[in-house]
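Chain residues, written in single-letter form:
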Amino acid sequence: QLPEGLGMTVDVIAHSRGGLVGRVMAEHGPELGLGGVVDVRNLIMVGTPNAGTVLADAEHLGTLLDRVTNLVQLVPDNPVTDTVEVVLTVLKQLAVGAFRGLDGLASMDPQGSYLREYLNVPTTTASTYRAVASNFEPAQGSPLSRTARDAIVDVVFGSTENDLIVPTEGVHHVAGLDG
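Here the structure is a predicted model, which means the values were calculated and not measured.

Calculation notes
Residues numbered from 1 in each chain as written. Predicted model: local features only at pLDDT ≥ 70, side-chain atom pairs only at ≥ 80, totals over all residues. Heavy atoms only, no water. pLDDT = per-residue confidence, 0-100. Helix = DSSP H or I, 4+ residues; strand = E, 2+ residues; numbered from the N terminus. Core = buried A, V, L, I, M, F, W, Y, C linked by side-chain atoms within 4.5 Å. Buried < 20%, exposed > 50% of the residue type's maximum accessible area, 1.4 Å probe, protein only. Contact = heavy atoms within 4.5 Å. Pairing = 2+ DSSP bridges. Right-handed = clockwise from strand over helix to strand, strands pointing away. Expected span 1.5 Å × (residues − 1). Axes fitted to C-alpha atoms, helices over the stretch in contact; angles between N-to-C directions.

J.: I'd like a rundown of the confidence of the model for the chain, residues and numbers included.
T.: Caution is warranted with low-pLDDT regions, since their predicted coordinates should not be read in detail. When pLDDT is averaged along the chain, the result is 81; 72% of the residues meet or exceed 70. Predicted confidence in the chain is weakest over helix H3 (residues 79–99), with a mean pLDDT of 58, and strongest over strand S1 (residues 8–15), with 96.

J.: Please set out the nonpolar core residue by residue, giving values where relevant.
T.: The nonpolar side chains of soluble globular proteins are, as a tendency, buried together. Among the nonpolar cores identified, the biggest contains 10 residues, and these are Val10, Val12, Ala14, Ala26, Val38, Val40, Leu43, Met45, Tyr129 and Val174. Those elements that place two or more of their residues in this core are S1 and strand S2 (38–46). Beyond its immediate chain neighbours, meaning those up to four positions away, Val40 contacts Val10, Val12, Met25, Ala26 and Ser127.

J.: I'd like a description of the pairing of S2, backed by residues and values.
T.: Here S1 runs beside S2; their pairing, made up of eight bridges, is parallel. Bridging across to S2, Val10 finds its partner in Val40. Each parallel crossover has a hand, and the one from S1 via helix H1 (residues 17–28) to S2 is right-handed. Bridge count for S2 against strand S3 (residues 128–132) is five bridges, and the pairing is parallel. Within the sheet, the bridge partner assigned to Leu43 lies in S3 and is Tyr129.

J.: Give a description of the environment of Gly18 that names residues and reports values.
T.: Position of Gly18 relative to the elements: it lies in helix H1. The exposure class assigned to Gly18 is partly exposed, which follows from its relative accessible area of 29%. Note: C-alpha distance between Gly18 and Gly47 (29 residues apart in sequence) is 9.5 Å.

J.: Account for helix H6 (residues 144–156), with residues named and values stated.
T.: For H6, built from 13 residues, the straight-helix expectation of 18 Å at 1.5 Å per residue is met to within 8% by its first-to-last C-alpha distance of 18 Å. Listed as buried for H6 are Asp150, Ile152, Val153, Asp154 and Val156. Gly158 sits one or two positions beyond H6 and adopts a positive phi of about 70°.

J.: Now, about the sheet that holds S1: what can you tell me, with residues and values included?
T.: Whenever strands of a sheet pair, they do so through backbone hydrogen bonds, lying parallel or antiparallel. Strand order across the open sheet formed by three strands is S1-S2-S3, with parallel pairing between neighbours. Taken across any chain shown, the strands that pair with only one partner, and hence form the sheet edges, are S1 and S3. Each adjacent strand pair in this sheet contributes to an overall mean axis angle of 20°, direction not counted. Relative to the sheet, H1 contacts S1, S2 and S3, its axis offset from that of S2 by approximately 155°.

J.: Give me the lowdown on unusual backbone geometry, citing residues and values where you can.
T.: Backbone geometry places Ser16, a non-glycine residue, at a positive phi of 55°. Tracing the chain through its elements places Ser16 in the loop between S1 and H1. Since its relative accessible area comes to 18%, Ser16 is described here as buried. The backbone phi angle of Leu164 is positive, close to 90°, even though this residue is not glycine. Mapped onto the secondary structure, Leu164 falls in the loop between H6 and helix H7 (168–172). For Leu164, a relative accessible area of 12% corresponds to the buried category.

As structure tokens, this is what we get:
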């Protein structure tokens, strides 16, 4: 909604998938009609899945839900655990089936066409990129739920350092721009 003829140079700070949106603005702005209208000078990406995240892969989502279901089975049988197990099983079927139709999640699939064919291809940009990443590890003495969540997610990520959603290294890796 910028007035005609008014161009803006912006600095963008974005989190998670918003960093991918910022990259689209910086790298593909002209083809989207933003050339000369909005130019991204600096893009700071916090926890952005530049290399994708296995949690955006339906197969890995199913693996994560299987792990949680297996943990529930370790608790002695009672009406609550039986109900939780049924709910998780139904959730898995619904989530994995619906997952494939969610474009926002598909854009973060490491093997998906969006990253491989559109965003992570060789390109040039005048924008300066910065990335902030972390590797979550529960503090000593953390509650069992926090420690278990980290352990489950680490299994899904194959013990790759991660912030519980995005692989740490994948935040810094911008395919096509890495030198």
